[in-house]
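Here are the chains, one letter per residue:
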2 protein chains.
Amino acid sequence: MDRIVRLLITGATGFVGSNILRHFSAQGADVAVIVRDHSNTSKIDSEVPHFIYNGSYESIAHAVDSFAPTVVVHAASKVLRTHKAQDIRALLEANILFGTHMLEAMAQAKVKTLINFGTSWQHYHSEAYKPVCLYAATKQAFESMISYYCDAEGLGCITLMLSDTYGPNDPRDKLLQLLLNSWKTGEKLWLSPGDQITNFLHVRDLCNAVEVAIDRSLLSPGHQEQFSVRGSELLSLKSFVALIEEIIGNPLNIKLGGKPYRPREVMKPWMGEMLPNWRQKIGLREGLEEIFHDPNRT
Amino acid sequence: MDRIVRLLITGATGFVGSNILRHFSAQGADVAVIVRDHSNTSKIDSEVPHFIYNGSYESIAHAVDSFAPTVVVHAASKVLRTHKAQDIRALLEANILFGTHMLEAMAQAKVKTLINFGTSWQHYHSEAYKPVCLYAATKQAFESMISYYCDAEGLGCITLMLSDTYGPNDPRDKLLQLLLNSWKTGEKLWLSPGDQITNFLHVRDLCNAVEVAIDRSLLSPGHQEQFSVRGSELLSLKSFVALIEEIIGNPLNIKLGGKPYRPREVMKPWMGEMLPNWRQKIGLREGLEEIFHDPNRT
């Protein structure tokens, strides 16, 4: 990063946020985190200042006023591929209210730069906006809130639109973890027919993208922009599994076609405009080799 | 209305919602209302079934399941031209969460038609989307939620985009009420310079628009559409005041230019696509004469 910034990070107890925290801490940046009051913070370095968001505006305003960041990286998110009716309040509070409270606190404290995260699921069938799921709709809804603060308060925001991310020590219950688990335990894994095109981005490449986005926003403040950050390899799920089998030198105990596609399965990824001045550095084979050659790390 | 419908109405304790309730009740339609647990329901006809929304999904699902509407008219809204930080939670709960709970309950009960209300303030400087205020942003955010239910659940929704509405017995603290109050009391009223173009729609014309929108949605289900419903007269605020003075035959005790325009004042109204097969019937002079010749009604 070219500039000295003070970063306030949300979502630092999650996979993406914790990697962003480590990335910028390792560079010697001044970082602080704000976490939900029910979050498990045991994995956050105790030397990192941390603030609590208890659902109130005041708790966020306190964090922003005390730490006085130059940039907020809003990685907090509640991700649900399918929702239940009882999830709706928590989904909206996590994905719209939390962020709007943050925007308001930034406006009042004159903090001008937000890095936010969206999802390629906002673009079902590659449309300008068609949400795959309600979670994706909440991400789009939050963009509408951001627009107000950009236009009325001169805030700048870059939203990085993600498809799948991966990396070591990923606790999320996603395809790669299921494959890794099946490899370790030999347990049979039932998958869909596997013709959907996947796209995986290594989380360290994502951290680089955040850095590029911060530089861009600081150099040209006051805009609301959205960019895709995604891996350059586009493999069918079938081929992705075959690549892993090649890396480990053995077939996995999986059954392709053993279950149907999910409702509203995304068969082809959205290919939105990429973040300028950023490119993937960690190829998919290299990233997977790191994980499958050193499985104890993950 | 051409068809027999069962209407569930939200916001029936407010000005717009209460007029919609009366309009359809007078036609003999089967109507029920769902009101917030803190709402004053004393003005709602006790024969109208009413359900309580206590902020939970279950309370809305109960209303939808029990009453089994064919159409929901979602007139509930928290309107704030300017917000304070402490308003944000209530604004999002009223304008996004309430409606999303309703959409989910409709999806589960296979209720296919929603009539919703937006605001011309979503279109500052007549842009496709630029919110005048945070309230307008919440209205736009809710459209993103509607999109999911239309696409994934086959719901149909028409949003009527409103500018100013008026009519008898309006308890809201808006320009017309301020003028009426100044006329009655003689109290001096300080206004902006008054060159902004106003647009007023009589609430009975709005009720007709709701009827047209219901017919449209029932005839061609499963779409998400937005239409402007607005008055045909476009007068500057100055000329609007002059029209009232002409009607009452006396000057009002007002000072144009006595205060500045509001921040982000809308000087020219948004002229979006009008609702097809609907037109204003009550001219502005006629509507104002009703109010100013019979001031005790208002």
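Residues numbered from 1 in each chain as written. Chains lettered and ligands numbered in written order. Predicted model: local features only at pLDDT ≥ 70, side-chain atom pairs only at ≥ 80, totals over all residues. Heavy atoms only, no water.

Enquirer: Where do I start with the overall build of chain A in this structure?
Expert: Broken down by element type, chain A carries 8 helices and 13 strands. Here chain A has a C-alpha radius of gyration of 19 Å; the compact-globule value for 298 residues is 19 Å, and the two agree. Along the first, second and third principal axes, the C-alpha set of chain A runs to 55 × 40 × 40 Å. The buried share of chain A, taken over its 298 residues, is 56%. (Helix = DSSP H or I, 4+ residues; strand = E, 2+ residues; numbered from the N terminus. Rg over C-alpha atoms; globule rule 2.2 N^0.38 Å. Buried < 20%, exposed > 50% of the residue type's maximum accessible area, 1.4 Å probe, protein only.)

Enquirer: Hey, could you run me through empty space enclosed by the protein in this one?
Expert: Rolled over the atoms, a probe sized like a water molecule indicates the empty space that remains. Counted by the stated rule, this structure contains 3 cavities of 30 Å³ or more. Here the largest cavity is characterised by a volume of approximately 80 Å³. Every residue lining the largest cavity is listed: A:R89, A:L92, A:E93, A:I96, A:L97, B:R89, B:L92, B:E93, B:I96 and B:L97. Of all the secondary-structure elements, those providing two or more residues to the lining of the largest cavity are α3 (88–109) of chain A together with α3 (88–109) of chain B. When grouped by side-chain class, the residues that make up the lining of the largest cavity number 6 nonpolar, no polar and 4 charged. Of the volumes computed, that of the second largest cavity is approximately 40 Å³. (1 Å grid on protein atoms, 1.4 Å probe; cavity = no way out; pocket = protein on both sides within 12 Å on 5 of 7 lines; lining within 4 Å. Points joined across faces, edges and corners; volume = space filled by probe spheres on them. Nonpolar A, V, L, I, M, F, W, Y, C, P; charged D, E, K, R; others polar.)

Enquirer: It is not clear to me how the sheet that holds strand β6 (residues 156–162) of chain B should be interpreted in this structure. Could you clarify?
Expert: In sheet architecture, strand pairing relies on hydrogen bonds along the backbone and comes in two forms, parallel and antiparallel. Residue and element names in this part refer to chain B. Ordered in space as β3-β2-β1-β4-β5-β6-β11, the 7 strands form an open sheet in which the pairing is parallel. Two strands close off the open sheet at either side, each with one partner strand: β3 (50–53) and β11 (224–229). Neighbour-to-neighbour, the strand axes of the sheet open up by a mean angle of 20°, direction not taken into account. Most of the contacts of helix α6 (residues 203–219) go to β6, to which it runs at about 155°, and overall it touches β1 (6–10), β4 (71–74), β5 (113–119), β6 and β11. (Pairing = 2+ DSSP bridges. Axes fitted to C-alpha atoms, helices over the stretch in contact; angles between N-to-C directions. Contact = heavy atoms within 4.5 Å.)

Enquirer: Just checking my understanding: could you explain the pattern of salt bridges for this structure?
Expert: When their charged atoms lie close together, side chains carrying opposite charge are able to pair. Applying the stated criterion to the full structure yields 30 salt bridges over all chains. Among the salt bridges present, the one from A:D30 reaches A:R6, with a minimum N-O distance of 3.4 Å. Remark: A:R6 occurs in strand β1 (residues 6–10) and A:D30 occurs in strand β2 (residues 30–36); sequence separation between them is 24 residues. Among the residues examined, A:D30 registers a relative accessible area of 40% and is labelled partly exposed. In this structure, B:E93 and A:R89 form a salt bridge, with 2.9 Å as the shortest nitrogen-oxygen distance. One end of the pair, B:E93, is in helix α3; the other, A:R89, is in helix α3, on a second chain. (Salt bridge = Lys/Arg side-chain N within 4 Å of Asp/Glu carboxyl O.)

Enquirer: Looking at this structure, how should I read the relation of the copies chain B and chain A?
Expert: When chain B is fitted to chain A, the best match, at an RMSD of 0.0 Å, comes from turning it 180° and sliding it 0.0 Å along the axis. One copy is carried onto the other by what is essentially a two-fold rotation axis. Of the C-alpha atoms belonging to chain B, the one lying closest to the rotation axis is found on B:A141, 2.0 Å away. A high fraction, 100%, of the interface residues of chain B reappear at the interface in chain A, so the copies pair face to face through one surface. (Least-squares fit on C-alpha atoms with pLDDT ≥ 70 in both.)

Enquirer: Please clarify how the sheet that holds strand β3 (residues 50–53) of chain A should be interpreted in this entry.
Expert: All names here are of chain A. Taken in spatial order, the 7 strands line up as β3-β2-β1-β4-β5-β6-β11 in an open sheet, and their pairing is parallel. If you trace the sheet from one side to the other, it starts and ends with β3 and β11 (224–229), each paired once. Here the strands of the sheet are splayed against their neighbours by 20° on average, with no regard to which way each runs. Against the sheet, helix α2 (residues 57–67) contacts β1, β2 and β3, and its axis sits at roughly 160° relative to β3. Packing of α3 onto the sheet brings it into contact with β1, β2, β3, β4 (71–74) and β5 (113–119), and relative to β4 it is tilted by some 180°.

Enquirer: Help me out: how do you make sense of the packing of aromatic side chains in this one?
Expert: Each pair of aromatic rings is reported with the distance of its centres and the angle of its planes. Residue and element names in this part refer to chain B. All told, the structure shown has 12 aromatic pairs over all chains when counted by the stated rule. Ring geometry for W183 versus F292: centroids 5.3 Å apart, planes at 50°, classification tilted. With W183 in helix α5 (residues 175–185) and F292 in helix α8 (residues 284–293), this residue pair connects regions lying 109 residues apart in the sequence. Residue W183 is classed as partly exposed on the basis of its relative accessible area of 28%. (Phe/Tyr/Trp six-rings, centres within 6.5 Å; stacked < 30°, edge-to-face > 60°.)

Enquirer: Help me out: how do you make sense of the nonpolar core in this one?
Expert: It is characteristic of soluble globular proteins that their nonpolar side chains tend to be buried jointly. Ranked by internal contacts, the top residues of the largest apolar core, which has 92 residues, are A:M145 and B:M145. If you look at the next biggest cluster of nonpolar residues, it comprises 36 residues, including A:F15, A:F24, A:V33 and A:A75. (Core = buried A, V, L, I, M, F, W, Y, C linked by side-chain atoms within 4.5 Å.)

Enquirer: Could you clarify how one ought to interpret the packing of helix α1 (residues 15–26) of chain B against α6(B) in this entry?
Expert: All names here are of chain B. Their axes nearest at 9 Å, the elements α1 and α6 cross at an angle of 65°. Taken together, the axes of α1 and α6 are roughly perpendicular relative to one another. Regarding α1 and α6, the two cross each other, and that crossing is right-handed. Contact residues: F15, V16, N19, I20, H23 and F24 in α1; V203, L206, C207, N208, V210, E211 and I214 in α6. Split by residue class, the contact of α1 with α6 holds 9 nonpolar, 3 polar and 1 charged. (Parallel < 35°, antiparallel > 145°, perpendicular 65-115°, else oblique. Left-handed = near helix turned anticlockwise from the far one by under 90°.)

Enquirer: Help me understand helix α7 (residues 237–248) of chain B, please; the structure alone is not making it clear to me.
Expert: Note that an α-helix has 3.6 residues per turn; residues three or four places apart therefore point the same way. Residue and element names in this part refer to chain B. Over its 12 residues, α7 extends 17 Å from the first C-alpha to the last, a length consistent with the 16 Å expected when each residue adds 1.5 Å. Of all the positions in α7, only L237, F240, V241, L243, I244, I247 and I248 are classed as buried. Across the axial projection of α7, the buried residues extend over an arc of 155°, all falling on one side. G249 sits one or two positions beyond α7 and adopts a positive phi of about 75°. (Expected span 1.5 Å × (residues − 1). Arc of directions from axis to C-beta.)

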